[in-house]
Amino acid sequence: MKQRIAHIALVVKDYDEAIEFYTKKLDFKLIEDTKLTEEKRWVMVAPNGAKECCLLLAKAANEQQAASIGNQSGGRVFLFLFTDNFWRDYKKMVDREIKFVRPPEQMDYGMVAVFEDLYGNMWDLLEPNEKNKGVLD
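Fair warning: this is a prediction, and the values are worked out from it, not measured in the lab.

Rules and cut-offs
Residues numbered from 1 in each chain as written. Predicted model: local features only at pLDDT ≥ 70, side-chain atom pairs only at ≥ 80, totals over all residues. Heavy atoms only, no water. Helix = DSSP H or I, 4+ residues; strand = E, 2+ residues; numbered from the N terminus. Contact = heavy atoms within 4.5 Å. 1 Å grid on protein atoms, 1.4 Å probe; cavity = no way out; pocket = protein on both sides within 12 Å on 5 of 7 lines; lining within 4 Å. Points joined across faces, edges and corners; volume = space filled by probe spheres on them. Nonpolar A, V, L, I, M, F, W, Y, C, P; charged D, E, K, R; others polar. Polar contact = N/O pair within 3.5 Å; in protein donor to acceptor, adjacent residues only side chain to side chain. Buried < 20%, exposed > 50% of the residue type's maximum accessible area, 1.4 Å probe, protein only. Core = buried A, V, L, I, M, F, W, Y, C linked by side-chain atoms within 4.5 Å. Domains from an automatic or database assignment.

1. Re the environment of Met44
So, point 1. Along the polypeptide, Met44 turns up in strand E3 (residues 41-46).
So, point 2. On a C-alpha basis, the gap between Met44 and Glu20 in space is 12 Å, while along the polypeptide they are 24 residues apart.
So, point 3. For Met44, the contacting residues outside a window of four places in its chain are His7, Lys29, Leu30, Ile31, Glu32, Cys54, Leu55 and Leu56.

Structure (structure tokens):
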């Protein structure tokens, strides 16, 4: 049996501002933007080189969903953006005024820094070390 995670839903305030952030600030690709109803769209974005999993940007439909925007993981790092060149991407993100909440640090598993997306969800920017490089394949 083969299984995989295909999409991760990320609750957002507004489709267009989220698309703008992910495509212009993080250089993600807009995979799909399909209107389903007057209020709902099917919007998927993914990092360059992503092969399987992408983000499904889901506009909050009620107060309960809106309350989770920016804190979908209870204040922990929520998503992990792997890179093949940490310093290239870190510098680009700093130049684009991405807010880093933890500075770059060499860990046992690789070079990592924590940043926030436009709503405050925390992400790891991570370049795995040689022992863990296979996770990028």
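The rest of the description comes next.
2. Some thoughts on the layout of surface pockets
So, point 1. Space inside the second largest pocket adds up to approximately 200 Å³.
So, point 2. Lining the second largest pocket we find 13 residues, and of these Tyr15, Lys40, Arg41, Ala58 and Lys59 sit closest to its centre.
So, point 3. Counting residues per element, the ones that place at least two in the lining of the second largest pocket are E3 and strand E4 (54-59).
So, point 4. Sort the elements by how many residues they give to the lining of the second largest pocket and E4 lands first, with 4 residues.
So, point 5. Split into classes, the residues belonging to the lining of the second largest pocket amount to 8 nonpolar, 1 polar and 4 charged.

3. Points about the side chain of Asn129
So, point 1. With respect to the helices, strands and loops of the structure, Asn129 is situated in the segment after strand E8 (122-128).
So, point 2. There is a polar contact of 2.3 Å between the side chain of Asn129 and the backbone oxygen of Asp108.
So, point 3. In this structure, Asn129 is in contact with Asp108, Tyr109 and Gly110, ignoring residues within four places of it in sequence.

4. A short note on helix H1 (residues 15-25)
Residues that lie three or four places apart on an α-helix share one face, since the helix turns once every 3.6 residues.
So, point 1. Where H1 is concerned, the buried positions are Tyr15, Ala18, Ile19, Phe21, Tyr22 and Thr23.
So, point 2. On its buried face, H1 sits against strand E1 (7-12), strand E2 (29-35), E3, E4, strand E7 (110-116) and E8.
So, point 3. The backbone nitrogen of Asp16 has a side-chain oxygen 3.0 Å away, supplied by the residue at the start of H1, namely Asp14.
So, point 4. One or two positions beyond H1, positive phi appears at Asp27, with a value near 60°.

5. Quick word on the nonpolar core
As a rule of thumb, nonpolar side chains are buried together in soluble globular proteins.
So, point 1. Counting 29 residues, the largest nonpolar core has Tyr22, Leu55, Leu57 and Phe115 as the members making the most contacts within it.
So, point 2. Mapped onto this core, the elements with two or more residues apiece are E1, H1, E3, E4, strand E5 (77-82), helix H3 (86-95), E7 and E8.
So, point 3. Take this core: its biggest share by element is 5 residues, from H1.
So, point 4. Two domains each donate at least three residues to this core, and these are domain 1 (1-69) and domain 2 (70-136).
So, point 5. When near neighbours in sequence (up to four residues on either side) are disregarded, Phe115 contacts Leu26, Leu81, Met93, Ile98, Lys99, Phe100, Val101, Asn121, Met122, Trp123, Asp124 and Leu125.

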